[in-house]
Amino acid sequence: MEAPENSEETVSNYTPRMAGTVNWGTATVIGVFAGLLYGGSREASASVSKDAEVMLKLGSTADKREQHRLMRDAMEKRFVRVARGSIIGGVRLGMFTAAFYSLQNLLAEKRGVHDVFNVVAAGSVTASTFGLIMPGSLQWRARNVALGSVLGAAICFPLGWLQLKLIEKANEGNVDANPVSEASGGVGAAIERLEGNLNK
């Protein structure tokens, strides 16, 4: 009597990404670094007037030790201000970018199509959510939600349209350069792409 074979099939939960959707992790990292640069540069440019005050104090002090202490304190305060501005800017823009792209990808996956309306809805919801968490009274927050919703949609509509047109142009060149073959995915497709690139 033979024992029945245990044939286990692996079930994959992986769904391929739709053409044109952005990897939200990569976009978030880029958003964090852009926020770091923006926040730090904004704080550095704002501290110029405070440096002028220190220079006035240095001119009025004859003691070299006092001048050195004033300069050291000013540099420490400037460093802390710039570092704090960088961190806050990176966190804010990183959170906004992560929320926007994850919502855009979620809408594209649930609707089954990647179009301008995904970008508009993601921008509108993200901007209104960040308007809600801003400080202020309930009326002020309601105003920020409405304004964020309208501005998010208004700004994201032309950007989403531009993104889709760029994706279409990129896919036209991609289809012409790489004809469809039998191996549509996995290792076989990677090998064929590599061979195609090497043969050029």
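Here the structure is shown first, and the text comes after it.
A brief report on the enclosed structure follows. (Residues numbered from 1 in each chain as written. Predicted model: local features only at pLDDT ≥ 70, side-chain atom pairs only at ≥ 80, totals over all residues. Heavy atoms only, no water.)

Topic: the pattern of salt bridges
Part 1 of the reasoning: With the rule as written, the count across this model stands at four salt bridges.
Part 2 of the reasoning: With its nearest N and O atoms 2.9 Å apart, the salt bridge here joins Asp 73 to Arg 69. Taken together, the positions of Asp 73 and Arg 69, both in helix H3 (residues 64-111) and four residues apart, correspond to about one turn of that helix.
Part 3 of the reasoning: Close ionic contact of Glu 168 with Lys 165 constitutes a salt bridge, the shortest N to O distance being 3.7 Å. You can see Glu 168 and its partner Lys 165 sitting in helix H5 (residues 138-177), three residues apart, about one turn around the helix.
Part 4 of the reasoning: Residue Glu 168 is classed as partly exposed on the basis of its relative accessible area of 43%. (Salt bridge = Lys/Arg side-chain N within 4 Å of Asp/Glu carboxyl O. Helix = DSSP H or I, 4+ residues; strand = E, 2+ residues; numbered from the N terminus. Buried < 20%, exposed > 50% of the residue type's maximum accessible area, 1.4 Å probe, protein only.)

What about the packing of aromatic side chains?
Part 1 of the reasoning: All chains considered together, the criterion is met by two aromatic pairs.
Part 2 of the reasoning: Over the ring of Trp 140 we find Arg 143, and its NZ or CZ is 4.5 Å from the ring centre. (Phe/Tyr/Trp six-rings, centres within 6.5 Å; stacked < 30°, edge-to-face > 60°. Lys NZ or Arg CZ within 6 Å of the ring centre and 35° of its normal.)

With respect to a nonpolar patch on the surface
Part 1 of the reasoning: A cluster of nonpolar side chains, contributed by Ile 87, Val 91, Met 95, Leu 132 and Ile 133, occupies part of the molecular surface with about 480 Å² of accessible area.
Part 2 of the reasoning: The biggest single contributor to the nonpolar patch is H3, with three residues.
Part 3 of the reasoning: One can find Ile 87 in helix H3. (Patch = residues over 30% accessible without salt bridge, like charges linked within 9 Å, V, L, I, M, F, W, Y side chains within 5 Å. Areas by Shrake-Rupley, 256 points an atom, 1.4 Å probe, with all protein chains shown as cover.)

Digging into helix H1 (residues 24-46)
Side chains three or four residues apart in an α-helix point the same way, a direct result of the helix having 3.6 residues per turn.
Part 1 of the reasoning: Spanning 23 residues, H1 covers 32 Å between terminal C-alpha atoms, matching the ideal 33 Å at 1.5 Å per step.
Part 2 of the reasoning: All of the buried residues along H1 are Ala 27, Thr 28, Gly 31, Gly 35, Gly 39 and Gly 40.
Part 3 of the reasoning: Against the buried residues of H1 lie H3. (Expected span 1.5 Å × (residues − 1). Contact = heavy atoms within 4.5 Å.)

A few points about the environment of Ala 108
Part 1 of the reasoning: On the secondary structure map, Ala 108 appears in helix H3.
Part 2 of the reasoning: Relative accessible area serves as the criterion here: at 0%, Ala 108 is assigned to the buried category.

Thoughts on the packing of H3 against helix H4 (residues 116-132)
How two helices pack is summed up by the angle between their axes together with the distance between the axes.
Part 1 of the reasoning: It is at 8 Å that the axes of H3 and H4 come closest, and there the two elements cross at 140°. By the angle between their directions, the pair H3 and H4 is classed as oblique. At the point where H3 passes H4, the crossing takes the right-handed sense. Across the interface between the two elements, Met 95, Phe 96, Ala 99, Phe 100, Leu 103, Gln 104, Leu 107, Ala 108 and Arg 111 from H3 touch Phe 117, Asn 118, Val 119, Ala 121, Ala 122, Gly 123, Val 125, Thr 126, Ala 127 and Phe 130 from H4. (Axes fitted to C-alpha atoms, helices over the stretch in contact; angles between N-to-C directions. Parallel < 35°, antiparallel > 145°, perpendicular 65-115°, else oblique. Left-handed = near helix turned anticlockwise from the far one by under 90°.)

Thoughts on the packing of H1 against H3
Part 1 of the reasoning: Taken N-terminus to C-terminus, the directions of H1 and H3 make an angle of 150°; their axes are 6 Å apart at the nearest point. One element, H1, and the other, H3, form an angle in the roughly antiparallel class. Crossing of H1 over H3 shows right-handed handedness.
Part 2 of the reasoning: Residue composition of the contact of H1 with H3, by class: eleven nonpolar, 13 polar and three charged. (Nonpolar A, V, L, I, M, F, W, Y, C, P; charged D, E, K, R; others polar.)

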